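# Structural overview for review
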Amino acid sequence: MTVAQRKKQEHIVDHLLYCLQMEDFIRAAQFQPTVLQQWAQQQSAAEGTDAMEEEQWLLKMAHSLRDSGAVEKGHASDVQETLMELAHLHELLLGPLDDSAYKESFATAEPLLQELGTKSESSVHPVEQLVIGLYGWLVLRMKKQAISAETEAAMVGLRNWANALAKGHLKVYFGAQ
(Lines give C-alpha, C1' and ligand atoms only; values in the text may rest on other atoms or scores of the structure.)
Protein backbone atom coordinates (compact mmCIF):
# COMPACT_ATOMS: atom_id res chain seq x y z
CA MET A 1 0.00 0.00 0.00
CA THR A 2 1.30 3.45 -0.90
CA VAL A 3 1.27 6.47 1.36
CA ALA A 4 -1.47 7.94 -0.84
CA GLN A 5 -3.63 4.82 -0.50
CA ARG A 6 -3.17 4.76 3.27
CA LYS A 7 -4.07 8.44 3.57
CA LYS A 8 -7.18 7.92 1.42
CA GLN A 9 -8.42 5.25 3.83
CA GLU A 10 -7.53 7.21 6.96
CA HIS A 11 -8.39 10.85 6.16
CA ILE A 12 -9.60 11.82 2.69
CA VAL A 13 -8.73 15.51 3.07
CA ASP A 14 -5.16 14.64 4.12
CA HIS A 15 -5.05 12.44 1.03
CA LEU A 16 -6.02 15.38 -1.18
CA LEU A 17 -3.46 17.66 0.47
CA TYR A 18 -0.80 15.00 -0.09
CA CYS A 19 -1.82 14.70 -3.75
CA LEU A 20 -1.56 18.49 -4.22
CA GLN A 21 1.89 18.40 -2.66
CA MET A 22 2.91 15.59 -5.02
CA GLU A 23 1.54 17.51 -8.02
CA ASP A 24 3.72 20.45 -7.04
CA PHE A 25 6.70 18.14 -6.50
CA ILE A 26 6.24 16.54 -9.93
CA ARG A 27 6.15 19.98 -11.54
CA ALA A 28 9.22 21.11 -9.59
CA ALA A 29 11.00 17.94 -10.75
CA GLN A 30 9.97 18.90 -14.29
CA PHE A 31 8.35 15.47 -14.74
CA GLN A 32 11.80 13.81 -14.82
CA PRO A 33 11.28 10.08 -14.16
CA THR A 34 14.68 9.60 -12.52
CA VAL A 35 13.97 12.32 -9.95
CA LEU A 36 10.52 10.86 -9.28
CA GLN A 37 11.94 7.34 -8.97
CA GLN A 38 14.60 8.49 -6.49
CA TRP A 39 11.99 10.28 -4.42
CA ALA A 40 9.77 7.16 -4.44
CA GLN A 41 12.70 5.11 -3.13
CA GLN A 42 13.30 7.61 -0.31
CA GLN A 43 9.57 7.82 0.48
CA SER A 44 9.34 4.05 0.62
CA ALA A 45 12.29 3.78 3.00
CA ALA A 46 10.93 6.51 5.28
CA GLU A 47 7.34 5.24 5.33
CA GLY A 48 7.92 1.47 5.18
CA THR A 49 5.99 1.09 1.94
CA ASP A 50 6.77 -0.78 -1.25
CA ALA A 51 9.20 1.23 -3.39
CA MET A 52 7.83 -0.09 -6.68
CA GLU A 53 4.24 0.79 -5.71
CA GLU A 54 5.30 4.29 -4.65
CA GLU A 55 7.15 4.76 -7.94
CA GLN A 56 4.23 3.50 -10.01
CA TRP A 57 1.80 5.77 -8.15
CA LEU A 58 4.00 8.83 -8.61
CA LEU A 59 4.65 8.14 -12.31
CA LYS A 60 0.92 7.54 -12.83
CA MET A 61 0.24 10.91 -11.19
CA ALA A 62 2.76 12.56 -13.54
CA HIS A 63 1.11 10.96 -16.59
CA SER A 64 -2.31 12.02 -15.34
CA LEU A 65 -1.16 15.62 -14.96
CA ARG A 66 0.08 15.60 -18.55
CA ASP A 67 -3.04 13.85 -19.86
CA SER A 68 -5.29 16.31 -17.98
CA GLY A 69 -3.45 19.29 -19.47
CA ALA A 70 -2.30 20.24 -15.98
CA VAL A 71 1.43 20.50 -16.61
CA GLU A 72 1.68 24.03 -15.21
CA LYS A 73 -1.50 24.30 -13.13
CA GLY A 74 -4.61 22.31 -12.43
CA HIS A 75 -5.02 18.80 -11.14
CA ALA A 76 -4.59 15.19 -12.14
CA SER A 77 -7.82 13.36 -12.98
CA ASP A 78 -7.74 11.34 -9.71
CA VAL A 79 -7.58 14.58 -7.71
CA GLN A 80 -10.43 16.10 -9.74
CA GLU A 81 -12.53 12.97 -9.21
CA THR A 82 -11.88 12.96 -5.47
CA LEU A 83 -12.83 16.64 -5.24
CA MET A 84 -16.10 15.90 -7.08
CA GLU A 85 -16.75 12.88 -4.84
CA LEU A 86 -16.28 15.05 -1.74
CA ALA A 87 -18.50 17.78 -3.17
CA HIS A 88 -21.27 15.18 -3.51
CA LEU A 89 -20.56 13.85 -0.02
CA HIS A 90 -20.76 17.42 1.33
CA GLU A 91 -24.22 17.82 -0.19
CA LEU A 92 -25.29 14.42 1.23
CA LEU A 93 -24.10 15.28 4.73
CA LEU A 94 -25.92 18.62 4.64
CA GLY A 95 -29.07 17.23 3.02
CA PRO A 96 -30.34 13.65 3.05
CA LEU A 97 -27.99 12.37 5.77
CA ASP A 98 -28.69 15.45 7.93
CA ASP A 99 -25.43 15.13 9.90
CA SER A 100 -25.78 17.76 12.64
CA ALA A 101 -22.08 17.69 13.67
CA TYR A 102 -21.08 18.14 10.05
CA LYS A 103 -23.55 20.99 9.57
CA GLU A 104 -22.17 22.73 12.64
CA SER A 105 -18.54 22.43 11.53
CA PHE A 106 -19.43 23.69 8.05
CA ALA A 107 -21.39 26.64 9.47
CA THR A 108 -18.36 27.62 11.57
CA ALA A 109 -16.07 27.52 8.52
CA GLU A 110 -18.50 29.25 6.15
CA PRO A 111 -17.52 32.88 6.96
CA LEU A 112 -13.88 32.15 6.10
CA LEU A 113 -14.99 30.43 2.90
CA GLN A 114 -16.95 33.51 1.92
CA GLU A 115 -13.87 35.64 2.59
CA LEU A 116 -11.70 33.29 0.52
CA GLY A 117 -14.30 33.37 -2.24
CA THR A 118 -14.02 37.13 -2.55
CA LYS A 119 -10.25 36.76 -3.10
CA SER A 120 -10.63 34.07 -5.75
CA GLU A 121 -10.77 34.76 -9.46
CA SER A 122 -13.31 32.02 -10.10
CA SER A 123 -16.18 30.43 -8.25
CA VAL A 124 -15.43 26.99 -6.84
CA HIS A 125 -17.32 24.54 -4.65
CA PRO A 126 -16.85 25.01 -0.91
CA VAL A 127 -14.99 21.68 -0.64
CA GLU A 128 -12.45 22.84 -3.20
CA GLN A 129 -12.13 26.14 -1.31
CA LEU A 130 -11.45 24.12 1.83
CA VAL A 131 -8.66 22.16 0.19
CA ILE A 132 -7.15 25.27 -1.44
CA GLY A 133 -7.24 27.16 1.86
CA LEU A 134 -5.67 24.33 3.85
CA TYR A 135 -3.02 23.72 1.20
CA GLY A 136 -2.08 27.39 1.07
CA TRP A 137 -1.77 27.43 4.86
CA LEU A 138 0.39 24.28 4.79
CA VAL A 139 2.68 25.74 2.13
CA LEU A 140 3.17 28.88 4.22
CA ARG A 141 4.01 26.73 7.24
CA MET A 142 6.45 24.57 5.25
CA LYS A 143 8.19 27.73 4.02
CA LYS A 144 8.25 28.95 7.64
CA GLN A 145 6.54 32.17 6.61
CA ALA A 146 4.72 34.29 9.15
CA ILE A 147 1.03 33.56 9.51
CA SER A 148 -1.14 36.08 11.31
CA ALA A 149 -2.95 35.11 14.49
CA GLU A 150 -6.22 35.92 12.72
CA THR A 151 -5.43 33.47 9.93
CA GLU A 152 -4.33 30.78 12.39
CA ALA A 153 -7.60 31.21 14.29
CA ALA A 154 -9.62 30.98 11.08
CA MET A 155 -7.77 27.82 10.07
CA VAL A 156 -9.08 26.05 13.17
CA GLY A 157 -12.57 26.24 11.66
CA LEU A 158 -11.35 24.88 8.34
CA ARG A 159 -9.43 22.06 10.00
CA ASN A 160 -12.45 21.11 12.10
CA TRP A 161 -14.63 21.08 9.00
CA ALA A 162 -12.01 18.99 7.13
CA ASN A 163 -12.03 16.49 10.00
CA ALA A 164 -15.84 16.33 9.94
CA LEU A 165 -15.78 15.76 6.17
CA ALA A 166 -13.18 13.00 6.57
CA LYS A 167 -15.29 11.41 9.31
CA GLY A 168 -18.33 11.56 7.01
CA HIS A 169 -16.27 9.93 4.26
CA LEU A 170 -15.29 7.07 6.55
CA LYS A 171 -18.90 6.67 7.69
CA VAL A 172 -20.43 6.67 4.21
CA TYR A 173 -17.75 4.76 2.29
CA PHE A 174 -16.34 2.41 4.95
CA GLY A 175 -19.20 2.08 7.44
CA ALA A 176 -17.12 3.54 10.27
CA GLN A 177 -18.85 5.15 13.22
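To start, this report covers the structure provided alongside it. Along every chain, residues carry numbers that run from 1 in the direction the sequence is written. With the structure being a predicted model, the display of local features is reserved for residues of pLDDT at least 70 and the display and counting of side-chain atom pairs for 80 or more, all residues being used for whole-chain, interface and lining totals. Only hydrogens and water are removed before side-chain values are computed, so all heavy atoms of the structure are retained for them.

## With respect to the side chain of His11
Within the secondary structure layout, His11 lies in the loop between α1 (3-10) and α2 (12-28). Definition of a polar contact: a pair of N or O atoms within 3.5 Å, with one able to donate and the other able to accept a hydrogen when the atoms are protein atoms, and with sequence-neighbouring residues admitted only if both atoms are side-chain atoms. Of the polar contacts made by the side chain of His11, one reaches the side chain of Asn163; its length is 2.8 Å. The criterion used for residue contact is that any of the two residues' heavy atoms lie within 4.5 Å. In contact with His11, not counting residues within four places along its chain, are Ala162, Asn163 and Ala166. By definition, any uninterrupted DSSP run of H or I lasting at least four residues is a helix, any uninterrupted run of E lasting at least two residues is a strand, and each is numbered from the N terminus.

## Quick notes on helix α3 (residues 33-47)
Between the first and last C-alpha of α3 there are 20 Å, a value that for 15 residues agrees with the 21 Å anticipated at 1.5 Å per step. For each residue, the accessible area found with a 1.4 Å probe, counting protein chains only, is set against the maximum for its type, and the residue is called buried under 20%, exposed over 50%, and partly exposed in between. Among the residues making up α3, those that are buried are Leu36, Trp39, Ala40, Gln43 and Ser44. Along α3, the residues classed as buried sweep out an arc of 140 degrees about the axis, all on the same side. For α3, exposure combined with an orientation more than 90 degrees from the buried face picks out Gln38, Gln42, Ala45 and Ala46. Those residues of α3 hidden inside the fold are in contact with α1, α2 and α4 (51-67). To estimate how far a helix should extend, the number of its residues minus one is multiplied by 1.5 Å. For this quantity, the arc is that covered by the directions from the helix axis to the C-beta atoms.

## What about the packing of aromatic side chains?
For Phe, Tyr and Trp, rings pair up if their centres lie within 6.5 Å, where Trp contributes its six-membered ring, and each pair is then called stacked (planes under 30 degrees apart), edge-to-face (over 60) or tilted (otherwise). Applying the stated rule across the entire model yields three aromatic pairs. With 5.4 Å between their ring centres and 40 degrees between their planes, Phe25 and Trp39 make a pair best called tilted. With Phe25 in helix α2 and Trp39 in helix α3, the pair connects residues that are 14 residues apart, well separated along the chain. Placement of a charge over a ring requires the Lys NZ or Arg CZ to be within 6 Å of the ring centre, with the centre-to-atom vector within 35 degrees of the ring normal. Above the plane of the ring of Phe31 lies Arg66, whose end atom (NZ or CZ) is 4.4 Å from the centre.

## Overview of the pattern of salt bridges
Put simply, a salt bridge is a Lys or Arg side-chain nitrogen that is within 4 Å of an Asp or Glu carboxyl oxygen. A complete count under the given rule lists six salt bridges for this structure. The salt bridge involving Lys60 is made with Asp78; its shortest N-O contact spans 3.7 Å. A residue pair is termed long-range when its members are at least 10 positions apart, and Lys60 in helix α4 and Asp78 in helix α5 (residues 77-94) qualify at 18 residues. Under the relative-accessibility criterion, Asp78 is labelled partly exposed at 36%. Among the charged side chains, a salt-bridge network with shared partners connects Arg6, Glu10 and Glu47.

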